[in-house]
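# Structure at a glance
Single-letter residue listing:
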Amino acid sequence: MFKRYKHQNLHLSPYNPLDIGRHDGINKHSFGPAVRQHWLIHYVFEGTVFFQKGESTYKVSSGECFIIRPNEVTYYENTAPWHYAWVGFSADYVPQCIKNNDVLDVAFLKSIFEELEANIDKYNGVFGNDGVREAYLVGKITEIMTLLELHYSRPAESRTESEIKKVKNYIDIRLSSNLKISEIAAEFHLDRAHLSRKFKEVVGESPQNYIVNARLSEAAKLMREHGLSPIDAATAVGYLDIYLFSKMFKRRFGVSPREYKKSLP
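Residues numbered from 1 in each chain as written. Predicted model: local features only at pLDDT ≥ 70, side-chain atom pairs only at ≥ 80, totals over all residues. Heavy atoms only, no water.

### Observations concerning the sheet that holds strand β3 (residues 29-35)
The condition that has to hold: The criterion for strand pairing is that DSSP finds at least two bridges linking the strands in question. Elements are defined by DSSP. Helices are runs of H or I of four residues or more, strands are runs of E of two residues or more, and each kind is numbered from the N terminus. Only the contacting stretch of a helix is used when fitting its axis, a line to C-alpha atoms as for every element, and angles between N-to-C directions run 0 to 180 degrees.
The strand order across the open sheet built from 4 strands is β3-β8-β5-β6, with neighbouring strands paired in antiparallel fashion. Edge positions in the sheet fall to β3 and β6 (56-60), since each has one partner strand and no second. On average, adjacent strands in this sheet sit at an angle of 15° to one another, irrespective of strand direction. Where β3 lies against strand β8 (residues 73-78), 5 bridges are found, and the strand directions are antiparallel. By the bridge assignment, A34 is partnered in β8 with T74.

See the structure below:
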C-alpha cells in the first residue's frame, strides 16, 4: 500500500514540511538512483531496507531510519514484507546527527511516525486548510528534531546502557509477573526486534533468556537465604508449573530444586 501527501508549504517556521507518506508491501520494491532537493527521513517499521549512498551500502532494520540529504544521489530497495513511513522537509537548521550519519538507531521516534502515518488520510478533512496542516506537521518535525538533538547529544554507549538498564530493572522487579517481550517493548515505546538486539548487545543474552535465568537465580536465592520450599520459590518467581520449573532449574544448576534444597546447610 502506498500513501503520500504533498504539502503546499506556507513557510511558517524554520522547518518547512514538503512531503509525508507511508509505503508497505509483500513484494520487493526499489527506488532510485534519485536526487532530492530537500531532506527526507525514512523510518522502518518492518522488514529490511538496503540503502545506498555513493559507495556505501547500509542494511536498515526495524527501529532505524535512513537519511536522504538535499542533492545527494541515493538508492534503496526493500526485502519483503516491508513497511516504512517518511517525512520530507527543507530546513534552516538540522541536528549534527542527521548531517553526519546516513543511518540512525531511532526506535524512540516510533510513536511519532506512527501518528504521522495514522493521520495521512485525515489531511484533507480533519486538518482543514493548509495553515492548520502545516502547523501540525511543523510541530511533529520540530519534535523529531528536538528528540534527535537530545538523544544524540549524549555518548552513544551511555544512551544504550541507560535504556537497557531501565528495561532490565523493569524485568527484575516483575519476575513473578507474566512477562512478555512484546509488552515490555511497548512499555518503553521500542520495537521488539530493536529491544532484543540492544538487550543482547549490552547484557550478553536475549531478554527471554535473561528472564528465565533471573527467575531461576532468584528461586535458588529464596531457597538458600530464606528457607522457601521449591514449590514456594517457584511460585514466588512466577512459575505456576512446578514440573517446568524443575526442568528449567536442573538445566540451569545441574540438580533438581529438591536436590538443591537438600544440599543446603
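### Observations concerning the nonpolar core
We count it as follows: Put simply, a nonpolar core is a bunch of buried Ala, Val, Leu, Ile, Met, Phe, Trp, Tyr and Cys residues held in one set by side-chain atoms that sit within 4.5 Å of each other. Throughout, exposure labels follow a simple rule: accessible area from a 1.4 Å probe, protein chains only, divided by the maximum for the residue type, with under 20% read as buried, over 50% as exposed, and the rest as partly exposed. Any two residues whose heavy atoms approach within 4.5 Å are treated as being in contact.
F113, I144 and L148 are the most contacted members of the largest nonpolar core, which has 44 residues in total. Take this core: its biggest share by element is 6 residues, from helix α3 (residues 130-152). Residue contacts for F113: discarding those within four places in its chain leaves I41, Y43, F45, A85, W86, V87 and I144. V212, L216, A233 and F249 belong to the second largest nonpolar core, which has 14 residues in total.

### Focus: the packing of aromatic side chains
The line we're drawing: Centres within 6.5 Å are what make two rings of Phe, Tyr or Trp a pair, Trp counting through its six-membered ring; a difference in plane orientation under 30 degrees is then read as stacked, over 60 as edge-to-face, and the rest as tilted. Counted as over-ring charges are cases with an Arg CZ or a Lys NZ within 6 Å of the ring centre that also lie within 35 degrees of the ring normal.
Counted by the stated rule, this structure contains 17 aromatic pairs. With a centroid separation of 5.3 Å and 15° between ring planes, the pair formed by Y43 and F113 is classed as stacked. Separated by 70 residues along the polypeptide, Y43 in strand β4 (residues 39-46) and F113 in helix α2 (residues 110-118) bring together distant segments of the chain. The buried category is assigned to F113, whose relative accessible area is 1%. The ring of F253 carries the charged tip of R252 above its face, separated from the ring centre by 4.9 Å.

### Remarks on the state of the cysteines
The following threshold applies: In what follows, a disulfide is any cysteine sulfur pair within 2.5 Å.
Per the stated rule, a full pass over the model turns up 0 disulfides. Looking at C65, it has no disulfide partner, and the nearest cysteine sulfur is the one in C97, 8.3 Å off. What makes C97 buried here is its relative accessible area of 8%.

### Things to note about helix α6 (residues 192-203)
Here is the rule we go by: For a helix, the expected span equals 1.5 Å multiplied by the number of residues minus one. Our arc is simply the arc of the directions from the helix axis toward the C-beta atoms. Counting of polar contacts relies on pairs of N or O atoms within 3.5 Å, with two restrictions inside protein: one atom must be capable of donating a hydrogen and the other of accepting it, and residues adjacent in sequence are counted only when both atoms are side-chain atoms.
For α6, which comprises 12 residues, the first-to-last C-alpha distance of 16 Å matches the rise-based estimate of 16 Å (1.5 Å per residue) to within 8%. Those residues of α6 lying buried are H194, L195, K198 and F199. The buried residues of α6 all sit within an arc of 120° when viewed along its axis, so they share a single face. Pointing more than 90 degrees away from the buried face of α6 are the exposed residues K200 and E201. Among the residues of α6, the N-terminal cap falls to D191, whose side-chain oxygen and the backbone nitrogen of A193 are separated by 3.0 Å. Immediately beyond the C-terminal end of α6, within one or two residues, lies G204, with a positive phi of roughly 100°.

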